[in-house]
Amino acid sequence: MENSLLYFSPAQYYMEALPLGNGTIGAMCYSGVKTDEISLNHDTLYAGRPKTVTREGAYESWKKAQKLAMEGQYKESKLELQEHFMTVGTQPYMAFGSLFLHFGFTEYTEYQRSLDLTTAVLTSRFAADGKKYIKTAFVSYPHKVLVYRIEAEDHSSFSFKVSADCPLNHTKQIQHGMLVIDGECPGESFTPVNAPYCDPPAYSDVDEEKGIQFRGVVKVLCDGNIIEDNDRIKVENTTCATLYFTADTSYNGYDKLPFLQGKEYKDACLKMLKDACEISYEDIKKTHIADYQSYYNRVCLELGSEKTEDLPTDELLKSEKRDNSLYTLMFNYNRYLLIASSRAGSKATNLQGIWNNRVQPFWHSNYIMNINTQMNYWPVLPCNMPELMEPLEDLIRVLSVAGEKTARDFYHARGFVAHHTTDIWGFTAPICGLPQYAYFPIGSGWLCQHLFDTYVYTLDKEYLRERAFPIMKKAAEFYLDILTEDTDHTLMLCPGTSPENNFLLNGEDCDVSKSSAMMNMAVRRLFLDCKRHVRYWKSRTAFIKRYVPVWIGSKV
């Protein structure tokens, strides 16, 4: 029970489906019988395009809000930030769509589906029309494909159809026996100042304004007949069929126009699928498991178990009896999700990992840097998987460049800053909304903790010197330029907020104060990490003299 999720019925809703992934391709599998749905994602499938976000008069507004906060006029400081400092919303993470397998079974019995966390393989079994079937699914990182197999245990024949649906602008066609989905993300899903949070996605005919282009390809290999049926694939009289899916996009970096400067993706997508289909199913599965277990098997947690009866996971969660194995299962499931959503070459895990079935997902399914993004990666180093930190490091590196302009425009400061939310385009400005979450210039500083922690766990001095410290130094420069002297001559960040928190001021809610412990401690930690770096590289005497004496909460 500590290493598997078990259910005795198919998923009826998205949140009941089971997740598979390789960092880039995400799949939520319903494991249905009459009709099976696989909801799909690609980690670079976002709305939008590179776009500079700034606001005229932002620096003057911030200084005014700072003065008001120093004077104790917190409500007025809040309104100043809200009305004259905030900008727009970020671009949302898109759903690719779904594959549907239509089997035509009538009644079924003996149903069971399970996700084996030790192998990252999903299996479902059932009996229908007097025959027993088994379905197996996984997403291979080495071969970059989703693999889905169905077979009859007694080698009897069956038939089914494969179709696809996509909520974005797209076309579908059959090419050389493959189902090919070509599409385009909205080039804009932006939120103007003081507008509702979500605008409808917008497509453009102007090349510069077009969004990310994408392709998904499905191929079925079987021992039966494959028939092209308009934009569907019909499989007839087979005893075993294996479906392969992969996808790619034109995304070529946060600063590249996805249509005019996008990378080649159509032929690349076809090649990935072709290469995978030339390898036997057994070899792909074996390689997938070996790759996955190279991370998963590094840690083993034992809390003991009362050896209660094997209950399906949904009933176990509802049970009043709490076996310790449930906590072990949650620990292992967390590790599984990290391996499935953050791998070398992929994007960092967003608010929903890589799994999303909406064009307008909750909170845009973005990177929320007032704790959510950090929380995603807290288990990585304690669980001995430092390689999984690479996508987050790549995101921080992008922000360290994109955030330089935000630091200059909004604060007249050096270095770089990132606020509450970002997306695949390196958004660093304060988003629209309430200051209790939108005004959060500590996002960049807090993320830098992951860089130094990676050194602490790996003791890789070259990593610290060449990759981590240059970013940490830039973040520290920003806070050095915006620190404010309090009346007792200590340094602080002003104005201050505590993430999505507020307090009562004369009986009214207020979320802006003179400063906040959360902000000050995050900056203090960044300075301390920079100081620790200097201990290892004492030749940087200029840095020691300039940075080490400066402490949040210390006398000037």
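All values derive from a computational prediction rather than experimental measurement. (Residues numbered from 1 in each chain as written. Predicted model: local features only at pLDDT ≥ 70, side-chain atom pairs only at ≥ 80, totals over all residues. Heavy atoms only, no water.)

### Digging into the pairing of strand 11 (residues 169-175)
Remark: a regular strand shows side chains that alternate across the two faces of the sheet.
At step 1: In this structure, strand 11 lies alongside strand 12 (residues 178-184), joined through seven bridges in antiparallel fashion. Residue pairing in the sheet places N169 in a bridge with E184 of strand 12. (Pairing = 2+ DSSP bridges. Helix = DSSP H or I, 4+ residues; strand = E, 2+ residues; numbered from the N terminus.)

### Looking at unusual backbone geometry
At step 1: The amide bond that connects C494 to the next residue, P495, takes the cis arrangement and shows omega of -5 degrees.
At step 2: In this structure, P495 sits in the loop between strand 20 (491-492) and strand 21 (503-505).
At step 3: Positioned with a positive phi, D129 is a non-glycine residue whose angle comes to about 55 degrees.
At step 4: Residue placement: D129 occurs in the loop between strand 7 (121-128) and strand 8 (131-140).
At step 5: Judged by its relative accessible area of 47%, D129 falls in the partly exposed class.
At step 6: For L459, which is not glycine, the phi torsion reads 55 degrees and is therefore positive.
At step 7: Counting through the fold element by element, L459 comes out in the loop between helix 10 (443-458) and helix 11 (461-482). (Buried < 20%, exposed > 50% of the residue type's maximum accessible area, 1.4 Å probe, protein only.)

### Comments concerning the packing of helix 4 (residues 281-296) against helix 6 (residues 324-341)
At step 1: At a minimum axis separation of 10 Å, helix 4 and helix 6 run at an interaxial angle of 125 degrees. Classified by the angle between their axes, helix 4 and helix 6 sit oblique to one another. The interaxial crossing formed by helix 4 with helix 6 has right-handed handedness. In this structure, helix 4 contributes Y292, Y295 and Y296 to the contact, and helix 6 contributes N332, R335, Y336 and I339. (Axes fitted to C-alpha atoms, helices over the stretch in contact; angles between N-to-C directions. Parallel < 35°, antiparallel > 145°, perpendicular 65-115°, else oblique. Left-handed = near helix turned anticlockwise from the far one by under 90°. Contact = heavy atoms within 4.5 Å.)

### Some thoughts on a nonpolar patch on the surface
At step 1: A cluster of nonpolar side chains, L303, Y327 and M330, forms an exposed patch at the surface whose accessible area comes to about 290 Å².
At step 2: Position of M330 relative to the elements: it lies in helix 6.
At step 3: Looking at M330, the relative accessible area reads 49%, which means it is partly exposed. (Patch = residues over 30% accessible without salt bridge, like charges linked within 9 Å, V, L, I, M, F, W, Y side chains within 5 Å. Areas by Shrake-Rupley, 256 points an atom, 1.4 Å probe, with all protein chains shown as cover. Salt bridge = Lys/Arg side-chain N within 4 Å of Asp/Glu carboxyl O.)

### As for the sheet that holds strand 10 (residues 158-165)
At step 1: An order of 2-3-4-5-10-15-14 is seen for the seven strands of this open sheet, with the pairing classed as antiparallel. Looking along the sheet, the strands with just one partner apiece sit at the ends: strand 2 (18-21) and strand 14 (225-229). Strand-to-strand twist across the sheet, computed as the mean angle between neighbouring axes with direction ignored, equals 20 degrees.
At step 2: By the bridge criterion, five bridges tie strand 5 (residues 97-102) to strand 10 in an arrangement that is antiparallel. Across the sheet, the residue bridging to F100 is S163, located in strand 10.

### What to know about the packing of helix 8 (residues 390-411) against helix 11
Axes are the key here: two packed helices are described by the angle between their axes and the distance separating the axes.
At step 1: At a minimum axis separation of 11 Å, helix 8 and helix 11 run at an interaxial angle of 25 degrees. It follows that helix 8 is roughly parallel to helix 11 by the angle criterion. Pair helix 8 / helix 11 crosses with left-handed handedness. Residue-level contacts link E393, I396, R397, S400, V401, E404, A407 and Y411 of helix 8 to Y463, R467, I471, K474, F478 and I482 of helix 11.
At step 2: Its residues assigned to classes, the contact of helix 8 with helix 11 comprises eight nonpolar, one polar and five charged. (Nonpolar A, V, L, I, M, F, W, Y, C, P; charged D, E, K, R; others polar.)

### With respect to the side chain of E37
At step 1: Tracing the sequence through the fold places E37 in strand 4 (residues 35-42).
At step 2: Buried and unpaired, E37 has K135 as its nearest opposite-charge partner, separated by 12 Å.
At step 3: Excluding residues within four positions of it along the chain, E37 makes contact with M28, C29, Y30, S31, S98, L99 and F100. (Lys, Arg positive; Asp, Glu negative; His and termini not counted.)

### Thoughts on the pairing of strand 13 (residues 213-222)
At step 1: For strand 13, a buried count of seven out of 10 residues is recorded, marking the element as mostly surrounded by other parts of the structure.
At step 2: Summarising the sheet, strand 12 and strand 13 pair through six bridges and their orientation is antiparallel. Opposite E184, over in strand 13, you have Q213 as the bridge partner.
At step 3: The pairing of strand 13 with strand 16 (residues 240-249) spans nine bridges and is antiparallel. Each bridged residue has a counterpart across the sheet, and for K219 the counterpart in strand 16 is Y244.

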